[in-house]
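Working through the structure, step by step
Here is how the chains run, residue by residue.
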Amino acid sequence: QVQLVESGGGSVQAGGSLRLSCTTFGYTDSITHMAWFRQAPGKEREGVAAINIRHPWTTYADSVKGRFTISRDNTKVTMYVQMNSLKPEDTAMYYCAANGDFSVVYNALKEGEYRYWGQGTQVTVSS
């Protein structure tokens, strides 16, 4: 089994930066993709950034492209998202996700691709 734990959320002013971390536990060898999703009140969960763990490949939602950067620290078995130029519309609960089971991922920003999820970390951006 795989467990994911997010950290780094908080409250920031518009234009500020925040870095979220996702630490993996358990049997992680079967993970090929990890991603960050977010969910604001009254809105469905949406994918914002994803990374192929085994190859140098990333993808981003248009709404965060150029502002967010996803990466992975292999030594610490931790995934990150650096969020710059934050906007009030970025306010949401942010979740870390991993596929596992060597599953084939066709759309890395679709929540149905991922089996394992963290508990979430809140990001609030004030204007």
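Everything below is about the structure shown above.
The structure reproduced in this document is the subject of the present report. Just so it is clear, the model here is predicted, and its values are computed rather than measured.

Rules used in this analysis
Residues numbered from 1 in each chain as written. Predicted model: local features only at pLDDT ≥ 70, side-chain atom pairs only at ≥ 80, totals over all residues. Heavy atoms only, no water. Helix = DSSP H or I, 4+ residues; strand = E, 2+ residues; numbered from the N terminus. Rg over C-alpha atoms; globule rule 2.2 N^0.38 Å. Buried < 20%, exposed > 50% of the residue type's maximum accessible area, 1.4 Å probe, protein only. Contact = heavy atoms within 4.5 Å. Areas by Shrake-Rupley, 256 points an atom, 1.4 Å probe, with all protein chains shown as cover. Lys, Arg positive; Asp, Glu negative; His and termini not counted. Charge placed at Lys NZ, Arg CZ, Asp CG, Glu CD. Pairing = 2+ DSSP bridges. Axes fitted to C-alpha atoms, helices over the stretch in contact; angles between N-to-C directions. Phe/Tyr/Trp six-rings, centres within 6.5 Å; stacked < 30°, edge-to-face > 60°. Lys NZ or Arg CZ within 6 Å of the ring centre and 35° of its normal. Disulfide = S-S within 2.5 Å.

The next subject is the overall build of the protein chain. Counting its secondary structure elements, the protein chain contains 0 helices and 11 strands. Against the compact-globule benchmark of 14 Å for 127 residues, the protein chain has a radius of gyration of 14 Å, which places it among compact chains. When its C-alpha atoms are laid out on the principal axes, the protein chain stretches across 40 × 25 × 25 Å. Counting the 127 residues in the protein chain, one finds 45% classified as buried. Considering only residue pairs separated by 6 or more positions, the protein chain has 59% of its internal contacts joining residues 24 or more positions apart. Put simply, the protein chain shows about 6,500 Å² of open surface, and 48% of that area lies on carbon and sulfur atoms. The protein chain carries 12 positive and 11 negative side-chain charges, and their two centres are separated by 3 Å.

Strand order across the open sheet formed by 4 strands is β1-β3-β8-β7, with antiparallel pairing between neighbours. The sheet terminates laterally at β1 (2–7) and β7 (68–73), the two strands that pair on one side only. Neighbour to neighbour, the strand axes of the sheet diverge by 20° on average, direction disregarded. Sheet topology note: the β7/strand β8 (residues 78–83) ladder contains 6 bridges and is antiparallel. The partner of S71 across the bridge, within β8, is Y80.

According to the stated counting rule, one finds 3 aromatic pairs in the structure shown. When the centroid spacing of 4.9 Å and the interplanar angle of 55° are considered together, the rings of F37 and W117 count as tilted. Here W117 lies in strand β10 (residues 116–117) and F37 lies in strand β4 (residues 33–39), a separation of 80 residues in the sequence. With a relative accessible area of 25%, W117 lands in the partly exposed category. Ring centres of Y114 and W117 lie 6.4 Å apart, and the angle between their planes is 80°; this geometry places the pair in the edge-to-face category. One aromatic cluster is present, built from ring pairs that chain together F37, Y114 and W117. Positioned above the aromatic ring of Y95, the side-chain terminus of R45 is 3.9 Å from the ring centre.

For S85, which is not glycine, the phi torsion reads 50° and is therefore positive. Mapped onto the fold, S85 is located in the loop between β8 and β9 (92–98). By relative accessible area, which is 39% here, S85 ends up partly exposed. Its identity as a non-glycine residue notwithstanding, F102 has a phi of 55°, on the positive side. The topology assignment puts F102 in the loop between β9 and β10. You can call F102 partly exposed: its relative accessible area is 49%.

Looking now at the state of the cysteines. Tallied over the full model, the rule gives 1 disulfide. Each sulfur of the disulfide joining C22 and C96 lies 1.9 Å from the other. Between C22 and C96, the disulfide has an S-S torsion of -75° and is therefore left-handed. Here C96 lies in strand β9 and C22 lies in strand β3 (residues 18–26), a separation of 74 residues in the sequence.

So far we have only geometry, and geometry alone does not tell us how the molecule works.
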